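Structural description and commentary
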Amino acid sequence: AQTVTQSQPEMSVQEAETVTLSCTYDTSENNYYLFWYKQPPSRQMILVIRQEAYKQQNATENRFSVNFQKAAKSFSLKISDSQLGDTAMYFCAYAYSGNTPLVFGKGTRLSVIA
Amino acid sequence: DGGITQSPKYLFRKEGQNVTLSCEQNLNHDAMYWYRQDPGQGLRLIYYSQIVNDFQKGDIAEGYSVSREKKESFPLTVTSAQKNPTAFYLCASSIPGQGTDTQYFGPGTRLTVL
């Protein structure tokens, strides 16, 4: 069975600084999808970024980027120029292709400090 | 305006009662999902449905039931057999197509057992 591990339960970062959240996963599949979701205090789950395993290029979305290391099964999220609005729980998730369910890590609570 | 709606936002259940959580989407998504979120546990899959009139059990299906009579609707019933139902419940749906697997979430329902 696929598993996703987030080893940092809590992290904090100063406003305007850069922070990296770690995620590792376990799968025997070659093609799959990885995601980072953000859950602010409103508890709405918001997609931050996604990565297709067959693409070697790391995904980027504005201030958010990933470091995808397929051989190491690692998928870290880098947030640049952190803003107070980035304060949230961040979940790493895995999905096998074909509209299949997500497997989530337990999350990392990120606090951005002014 | 397209999106996923869940109702009610807050729900209280007495011991021995069945309650039904609503999830509706107007995004024309084929697949829909129910996840349960507990503190420190991340999100866990209860049930999912990839097409109308078909659904599969997830990791924690015991004490829950679902139906998928319409593409737009995927209600979740929490039965009296679910011994610890107090949790935050999230519904999601995913974009059809070739393995995009991007899931979008509703705002959630907070269920409390009195």
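These figures come from a predicted structure and were not determined experimentally.

Notes on unusual backbone geometry
Cis geometry marks the peptide bond from Ser7 of chain B to Pro8 of chain B, where omega comes out at -5 degrees. You can see Pro8 of chain B is positioned in the loop between strand 1 (4-7) and strand 2 (10-13). Notably, Ala16 of chain A is not glycine yet its phi reads approximately 80 degrees, a positive angle. Within the fold, Ala16 of chain A resides in the loop between strand 2 (10-14) and strand 3 (19-21). For Arg43 of chain A, which is not a glycine, the phi torsion comes out positive at approximately 75 degrees. Looking at the element boundaries, Arg43 of chain A is found in the loop between strand 5 (32-39) and strand 6 (46-52).

A short note on the nonpolar core
Residue and element names in this part refer to chain A. Within the largest apolar cluster, 26 residues are counted, with the highest numbers of intra-cluster contacts made by Tyr25, Trp36, Phe75, Leu77, Tyr90 and Leu110. Looking at this core, the elements with two or more residues in it are strand 2, strand 3, strand 5, strand 6, strand 8 (64-69), strand 9 (74-79), strand 10 (88-96) and strand 12 (108-113). For this core, the element with the highest residue contribution is strand 10, accounting for four residues. Beyond its immediate sequence surroundings of up to four residues, Phe75 is in contact with Cys23, Tyr25, Leu34, Phe35, Trp36, Gln51, Val66, Asn67, Phe68 and Cys92.

Some words on the sheet that holds strand 1 of chain B
All names here are of chain B. Taken together, the four strands give an open sheet; going across it, the order is 1-3-8-7, and neighbouring strands pair in antiparallel fashion. Each of the sheet's edge strands pairs with one partner strand only, and the pair in question is strand 1 and strand 7 (64-66). Within the sheet, the average angular offset between the axes of one strand and its neighbour, ignoring direction, is 20 degrees. As judged from the three bridges shared by strand 3 (residues 19-25) and strand 8 (residues 76-78), these two strands associate in the antiparallel manner. Paired with Thr20 across the strands is Thr77, a residue of strand 8.

A closer look at the interface of chain A and chain B
On the side of chain B, 28 residues touch chain A, which itself brings 21 residues to the contact. Carbon and sulfur atoms supply 50% of the area buried between chain A and chain B, which totals about 1,900 Å² over both sides. Interface area lost by chain A to chain B is led by Arg43, Asn99 and Pro101 of chain A, which between them contribute 34%. Joining chain A to chain B, the criterion identifies zero salt bridges. Where chain A touches chain B, the interface holds eight residue pairs in polar contact (both at pLDDT 80 or more). Sorting elements by how many residues they give to the side of chain A that touches chain B places strand 5 of chain A first, with four residues.

A short note on the side chain of Thr27 of chain A
Residues and elements named next belong to chain A. Within the secondary structure, Thr27 sits in the loop between strand 4 (24-26) and strand 5. Owing to a relative accessible area of 7%, Thr27 belongs among the buried residues under this scheme. Within polar-contact distance, the side chain of Thr27 engages the side chain of Tyr94 at 2.8 Å. Discounting residues that sit within four places of it in the chain, Thr27 has contacts with Gln2, Tyr32, Lys73 and Tyr94.

Quick word on the state of the cysteines
In the structure shown here, the tally under the stated rule is two disulfides over all chains. In this model Cys23 of chain A forms its disulfide with Cys92 of chain A; the gap between the sulfur atoms is 2.0 Å. Measuring the twist about the S-S bond at about -70 degrees, one finds the Cys23 of chain A-Cys92 of chain A disulfide to be left-handed. Here Cys23 of chain A, found in the loop between strand 3 and strand 4, pairs with Cys92 of chain A, found in strand 10; they are 69 residues apart in sequence, far enough to count as distant. The class for Cys23 of chain A is buried, based on a relative accessible area of 2%. The disulfide bridge from Cys23 of chain B ends at Cys91 of chain B, spanning 1.8 Å between sulfur atoms. The S-S bond linking Cys23 of chain B to Cys91 of chain B shows a torsion near -75 degrees; that makes this disulfide left-handed. Here the residue Cys23 of chain B occupies a position in strand 3, and Cys91 of chain B occupies one in strand 9 (residues 87-94), the gap between them amounting to 68 residues. No difference in accessibility class separates Cys23 of chain B from Cys91 of chain B, as the two residues are buried.

Some thoughts on the pairing of strand 2 of chain B
Residue and element names in this part refer to chain B. Burial of strand 2 is one-sided: the residues Leu11 and Arg13 facing one way are buried, the residues Tyr10 and Phe12 facing the other way are not. Pairing of strand 2 with strand 11 (residues 109-113) involves four bridges; the strand directions are parallel. Bridge pairing in strand 11 places Arg13 opposite Val113.

Here is what the cut-offs are and how they apply
- Residues numbered from 1 in each chain as written.
- Chains lettered and ligands numbered in written order.
- Predicted model: local features only at pLDDT ≥ 70, side-chain atom pairs only at ≥ 80, totals over all residues.
- Heavy atoms only, no water.
- Helix = DSSP H or I, 4+ residues; strand = E, 2+ residues; numbered from the N terminus.
- Core = buried A, V, L, I, M, F, W, Y, C linked by side-chain atoms within 4.5 Å.
- Buried < 20%, exposed > 50% of the residue type's maximum accessible area, 1.4 Å probe, protein only.
- Contact = heavy atoms within 4.5 Å.
- Pairing = 2+ DSSP bridges.
- Axes fitted to C-alpha atoms, helices over the stretch in contact; angles between N-to-C directions.
- Buried area = accessible area lost by both parts, 1.4 Å probe.
- Salt bridge = Lys/Arg side-chain N within 4 Å of Asp/Glu carboxyl O.
- Polar contact = N/O pair within 3.5 Å; in protein donor to acceptor, adjacent residues only side chain to side chain.
- Disulfide = S-S within 2.5 Å.

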